[in-house]
Amino acid sequence: MYSAADLRKGLKVQVDGAPFIVTDFEFSKPGKGQALYRCKMRNMITGNQLVQTYRSNDKFEKPELEERKMQYLYCQESEYHFMDTENYEQIVIDKEHLGDNVNYMTDNMDMEVLFFQDKPIDVSLPMFVNLVVTKADPWAKGDTSGSDSKPVTVETGYVLQVPPFVDEGDKIQIDTRTGAYVTRVKE
Amino acid sequence: MLDLQGLHFRAAFFHSLRSFFVRQQFLEVDTPIRQPLLLPELNIEPLASEGWFLQASPELCMKRLLAAGCSRIFQLCNCFRKGERGQLHLEEFTMLEWYRTNADYEDLMADCEALLSSLLADLGGMDLCAVSNGSLRTGDRVISLQAPWDRLSVHEAFARFSPVSIEQAMANDTFDEILVEYVEPFLGVDRPLFLYDYPVELGSLARSKYGFPLLAERFELYINGIELANGFSELTDSQEQRQRFERELELMDDERRLRSSMPERFLEELAGLDRAAGIALGVDRLLMLLMGKESVGEVVSFAPGDF
């Protein structure tokens, strides 16, 4: 159990049966009044935001969260298959629960999967992934349009803006937090 | 944590506070920081020290000094409140309290205006001072510090800013939440503001207003939505004070009640006190505003994170 006095940015608590992470926190105490703990929290499953003020005698369950090292195996339509690298147990996560993560996931990639009460709710990818460009328009030399980037498609089907010198078949590094191009990778 | 220039500014600020009160013929007193008993206040959690307590405020001792015959006293001291930590809170913080006999809360409001004007005269020209030409710049706001300041009753403030009336807020036990959420952000944003006349339940040591027994002659000073000082006309009827303390004790949980006791000597001496008024001002918060900083931890020599 947590009490309101434990609340701080980054703490994970259970509210109405769902796991929440505190994203913003402010302590206030009007003169002669009681301590108030004002929180902004994000529902770790739905992403919805909750703004709530607690008093010091409010209590919170610790959410039953577990991170497991897993390997992403393959996808079949909207079903993404993963395997626990320690006990080889396999699970399926639906595409809609993975959100933008699917843009960066390639077969056999290692990642951490977060479970809430034994149900997978999120995956955490490496901060940077290297993906092969599968479709790119050649850069027309002498292009005077003034644009310094062009769209390419990578092996996962994700489309992003890259500098003009990136070609089909190149491997590029992408920042999974922002989805942006970082650099071309030479092998 | 303050740098060398900051330490100089803080020292000049302390010097200016002291010289204001000395000029006004206030006697500087220093009472024990560690004491064996507390005034029963529901919402203040004390820090214990070997069976005694670190003071949450020098109020008890200073009122006893008034009863002993002092007429104007002030004290700059460190106070402690357990678990209070945030942008505007430190568990150990600096308090300025002053008390005067033959005075009421309106005299204290006038003191606040005079004190700030004296501070600005002393500090206004210094590099670190965020006030120029009598105006405090903070974000995109310009707050004029020239007296007279605004005065707004709690009743009126709730009518103006809160979704529910003060009566409803008291009945639902949501006064604090509504004050913080809906009212405070609008207080003292053009010029400093005194929020005054609190429901009597919210001023356990304050005298009730003559002719309005449900109101306490208590006020809070706000600048830029930040509460800086809490002052009131002192309740000097020891019979009524005893009943108010009993009510506070009743509302405490068992654990807190065991540590609290009726301050008998205080009540006894209170009976000898006539009209008086006293105020506590958060020194670190005022310095924070004058330096244009956003948290009290930035204006003390060492904050908890600096060790």
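For the structure, see preceding data.
Source: prediction; values computed, not measured. (Residues numbered from 1 in each chain as written. Chains lettered and ligands numbered in written order. Predicted model: local features only at pLDDT ≥ 70, side-chain atom pairs only at ≥ 80, totals over all residues.)

Novice: Before we go on, may I ask you to explain the sheet that holds strand S2 (residues 34-35) of chain B in this structure?
Specialist: Within a sheet, each strand pairs with its neighbour through backbone hydrogen bonds, oriented either parallel or antiparallel. Residues and elements named next belong to chain B. On the basis of which strands lie adjacent, the open sheet formed by 3 strands has the order S2-S4-S3 and antiparallel pairing. In this open sheet, the two edge strands, each paired with only one partner strand, are S2 and strand S3 (47-49). Two elements, S2 and strand S4 (residues 52-54), share 2 bridges in a ladder whose sense is antiparallel. If you follow Gln 35 over to S4, its bridge partner there is Phe 53. (Pairing = 2+ DSSP bridges. Helix = DSSP H or I, 4+ residues; strand = E, 2+ residues; numbered from the N terminus.)

Novice: Got a minute to help me understand the pairing of strand S14 (residues 159-162) of chain A in this structure?
Specialist: Across 4 bridges, strand S13 (residues 150-154) of chain A lies against S14 of chain A in antiparallel orientation. Among the inter-strand pairings, Thr 153 of chain A is bridged to a residue of S14 of chain A, identified as Val 159 of chain A.

Novice: I tried to follow the pairing of strand S11 (residues 119-124) of chain A on my own but got confused; where do I start?
Specialist: The side chains of a regular strand alternate, residue by residue, between the two faces of the sheet. Relative to S11 of chain A, strand S10 (residues 109-116) of chain A runs antiparallel, the two sharing 5 bridges. Paired with Phe 115 of chain A across the bridge in S11 of chain A is Pro 120 of chain A.

Novice: Quick question: what am I supposed to make of the environment of Ala 303 of chain B here?
Specialist: By secondary structure assignment, the location of Ala 303 of chain B is in the segment after helix H10 (283-290). Taking the C-alpha atoms as reference, Ala 303 of chain B lies 9.7 Å from Phe 93 of chain B; in sequence the two are 210 residues apart.

Novice: Just to check I follow, could you spell out the interface of chain B and chain A for this structure?
Specialist: In many reports, interface size means the accessible area that the parts give up when they come together. Chain B puts 14 residues into the contact, and the matching count from chain A is 13 residues. Listing elements by their share of the side of chain B that touches chain A, those giving two or more residues are helix H6 (175-183) and strand S14 (226-233) of chain B. Per-element tally for the side of chain B that touches chain A: the top contributor is H6 of chain B, with 4 residues. Along the lines of polarity and charge, the residues of the side of chain B that touches chain A split into 3 nonpolar, 5 polar and 6 charged. (Contact = placed C-beta atoms within 7 Å. Nonpolar A, V, L, I, M, F, W, Y, C, P; charged D, E, K, R; others polar.)

Novice: Got a minute to help me understand the environment of Thr 106 of chain A in this structure?
Specialist: Along the polypeptide, Thr 106 of chain A turns up in the loop between helix H1 (95-98) and S10. Sequence separation of Thr 106 of chain A and Tyr 74 of chain A is 32 residues, and the distance between their C-alpha atoms is 7.8 Å.

Novice: Just checking my understanding: could you explain the nonpolar core for this structure?
Specialist: Among soluble globular proteins, nonpolar side chains are generally buried collectively. Grouped together as the largest cluster of nonpolar side chains are 91 residues, with contacts concentrated most on Trp 98, Phe 194, Leu 195, Tyr 222, Leu 228, Leu 281 and Leu 287 of chain B. A total of 8 residues in this core trace back to one element, the largest contributor, which is helix H3 (residues 105-123) of chain B. If we ignore the near neighbours within four places in the chain, the residues touching Trp 98 of chain B are Phe 21, Phe 26, Ile 73, Phe 74, Gly 278 and Ile 279 of chain B. Membership of the second largest hydrophobic core comes to 17 residues, among which are Met 105, Val 154, Val 166 and Ile 174 of chain A. (Core = buried A, V, L, I, M, F, W, Y, C linked by C-beta atoms within 7 Å. Buried ≥ 20, exposed ≤ 12 C-beta atoms within 10 Å, placed from the backbone.)

Novice: How do you make sense of the sheet that holds S11 of chain A when you look at a structure like this?
Specialist: Residue and element names in this part refer to chain A. The 5 strands are arranged S9-S8-S7-S10-S11 in an open sheet whose pairing can be described as antiparallel. Both edges of this open sheet fall to strand S9 (90-94) and S11, since each of them pairs with a single strand only. Averaged over all pairs of adjacent strands, the angle between strand axes in this sheet comes to 45°, irrespective of strand direction. (Axes fitted to C-alpha atoms, helices over the stretch in contact; angles between N-to-C directions.)

Novice: It is not clear to me how helix H4 (residues 154-161) of chain B should be interpreted in this structure. Could you clarify?
Specialist: Since one α-helical turn is 3.6 residues long, residues separated by three or four positions face the same way. All names here are of chain B. Among the residues of H4, Val 154, Ala 157 and Phe 158 are the ones counted as buried. Burial along H4 is one-sided: seen end-on, the buried residues are contained in an arc of 95°. Exposed residues pointing more than 90 degrees away from the buried face of H4 are listed as Ala 159 and Arg 160. Considering only its buried residues, H4 is in contact with strand S10 (150-153), helix H5 (166-171), H6 and strand S11 (193-199). (Arc of directions from axis to C-beta.)

Novice: Even after reading the chapter, I still don't get H3 of chain B, so can you show me in this structure?
Specialist: Residue and element names in this part refer to chain B. Counted at 1.5 Å a residue, the expected span for H3 with its 19 residues is 27 Å, and the 27 Å between its end C-alpha atoms agrees. Within the sequence span of H3, burial applies to Tyr 105, Leu 108, Met 109, Asp 111, Cys 112, Leu 115, Leu 116, Leu 119 and Leu 120. Axial view of H3: buried residues confined to an arc of 165°, hence all on one face. For H3, the secondary structure elements touched by its buried residues are helix H1 (4-23), strand S7 (131-132), S11, strand S13 (212-223), S14 and strand S15 (276-282). (Expected span 1.5 Å × (residues − 1).)

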